[in-house]
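Each chain is listed here by its residues.
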Amino acid sequence: CIADKIINKRTTITYFGIKPFVSEIDSPQTDIYIGDLIFAKDIPITDVNTGDVIVYKQDNSYLKVKKVLDIEKDNNKTNFIIDKETKTAVNEENSVIEGKLIKKIDRIGYLILFLKTLEGTLLAIALLICIAVIILLLCFEKKDDPNSIEKNGSSN
C-alpha cells in the first residue's frame with residue numbers, strides 16, 4: 001500500500017532526532033494502546049536509565065513499548081530487563097531499539113492505521129480523484145454563459 005511505504009514498520013523516519021510511530025499493539029504497563037501516536041527520541045544506549053520507557057522492534061514484528069525495570073551489563077552487552085519474573089531482556093542483539101519514549105497522543109494514529117489497509121488506501125485515492133475533478137470543474141467553468149451575456153447586454 002502507498003501509506004505503508006510512507007510509514008512502514010520496518011522503516012524509521014527521523015525528524016530532528018525524534019521518531020514518530022503509531023502503536024499497533026497494546027502495552028498497558030506503559031499506558032500505550034492501539035492507535036496512539038508515540039514519539040521516541042533517538043538516544044545512545046548508554047543514556048537509557050532504569051525507569052525509562054523504550055521503543056523497540058524484535059524480528060521485524062510490531063513496535064513494542066516497555067518500561068526498563070533493570071539494566072544488566074554482560075560482556076560489553078547492555079540488557080534492558082523489561083520483566084523481572086521471566087528475566088526478559090531487550091538488547092541490541094535481539095532487538096532494534098528505536099529510542100526513548102518522550103510523548104504520546106491518544107488515538108490519533110487510527111487514521112494512519114486505516115490508511116495502511118487496502119480499503120483505506122483505495123478510499124484515499126478515490127477522495128483525491130474527487131477533489132481533483134471538482135477543482136477542474138470549477139477552473140474550467142464556461143465563461144460564455146448565455147444568461148450572463150443577456151444580463152450584460154440589457155444593462156447597456
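To be clear, the structure that these remarks concern was listed above.
Residues numbered from 1 in each chain as written. Predicted model: local features only at pLDDT ≥ 70, side-chain atom pairs only at ≥ 80, totals over all residues. Heavy atoms only, no water.

Let's talk about the overall build of the chain
- Scanning the chain from terminus to terminus reveals four helices and eight strands.
- Walking the chain from its N terminus toward its C terminus, one meets helices and strands in the order α-β-β-β-β-β-β-β-β-α-α-α.
- Within the chain, buried positions represent 29% of all 156 residues. (Helix = DSSP H or I, 4+ residues; strand = E, 2+ residues; numbered from the N terminus. Buried < 20%, exposed > 50% of the residue type's maximum accessible area, 1.4 Å probe, protein only.)

Considerations on the pattern of salt bridges
- Per the stated rule, a full pass over the model turns up nine salt bridges.
- Across the salt bridge formed by Asp52 and Lys100, the nearest N and O atoms sit 3.6 Å from each other. Note that Asp52 is positioned in the loop between β2 (37-41) and β3 (53-57) and Lys100 in strand β8 (residues 96-105), a separation of 48 residues in sequence.
- Assessed through its relative accessible area of 12%, Asp52 is described here as buried.
- Put simply, Lys77 and Glu93 hold a salt bridge, and the shortest N to O gap is 3.6 Å. Placement of Lys77 in strand β6 (residues 77-83) and of Glu93 in the loop between β7 (88-90) and β8 is noted, with a sequence separation of 16 residues between them.
- A relative accessible area of 24% means that Lys77 is categorised as partly exposed. (Salt bridge = Lys/Arg side-chain N within 4 Å of Asp/Glu carboxyl O.)

Here's the deal with a nonpolar patch on the surface
- A cluster of nonpolar residues, Leu118, Leu122, Ile125, Ile129, Val133 and Leu137, forms a patch on the protein surface that exposes about 570 Å² of accessible area.
- Looking at where Val133 falls in the secondary structure, it is placed in helix α3 (residues 118-139).
- Given the relative accessible area of 40%, Val133 is considered partly exposed. (Patch = residues over 30% accessible without salt bridge, like charges linked within 9 Å, V, L, I, M, F, W, Y side chains within 5 Å. Areas by Shrake-Rupley, 256 points an atom, 1.4 Å probe, with all protein chains shown as cover.)

As for the sheet that holds β3
- Strand order in the open sheet made by the five strands is β1-β2-β8-β3-β4, with antiparallel pairing throughout. Edge strands, defined here as strands with exactly one partner in the open sheet, are β1 (18-22) and β4 (63-67). On average, adjacent strands in this sheet sit at an angle of 40 degrees to one another, irrespective of strand direction.
- Two elements, β1 and β2, share five bridges in a ladder whose sense is antiparallel. Its bridge partner lying in β2, Lys19 is registered against Ala40. (Pairing = 2+ DSSP bridges. Axes fitted to C-alpha atoms, helices over the stretch in contact; angles between N-to-C directions.)

Considering the nonpolar core
- Formed by Ile43, Ile45, Val48, Ile54, Tyr56, Val68, Phe80, Ile82, Val90 and Ile97, the largest nonpolar core amounts to ten residues.
- Where this core is concerned, the elements lending two or more residues are β3 and β6.
- When near neighbours in sequence (up to four residues on either side) are disregarded, Val68 contacts Val48, Asn49, Thr50, Gly51, Asp52, Ile54, Phe80 and Ile81.
- If you look at the next biggest cluster of nonpolar residues, it comprises nine residues, including Ile32, Val53, Val65 and Leu101. (Core = buried A, V, L, I, M, F, W, Y, C linked by side-chain atoms within 4.5 Å. Contact = heavy atoms within 4.5 Å.)

A word on unusual backbone geometry
- In this structure, Phe16 is a non-glycine residue whose phi angle is positive, near 55 degrees.
- Looking at the secondary structure, you find Phe16 in the loop between α1 (2-6) and β1.
- You can call Phe16 exposed: its relative accessible area is 88%.

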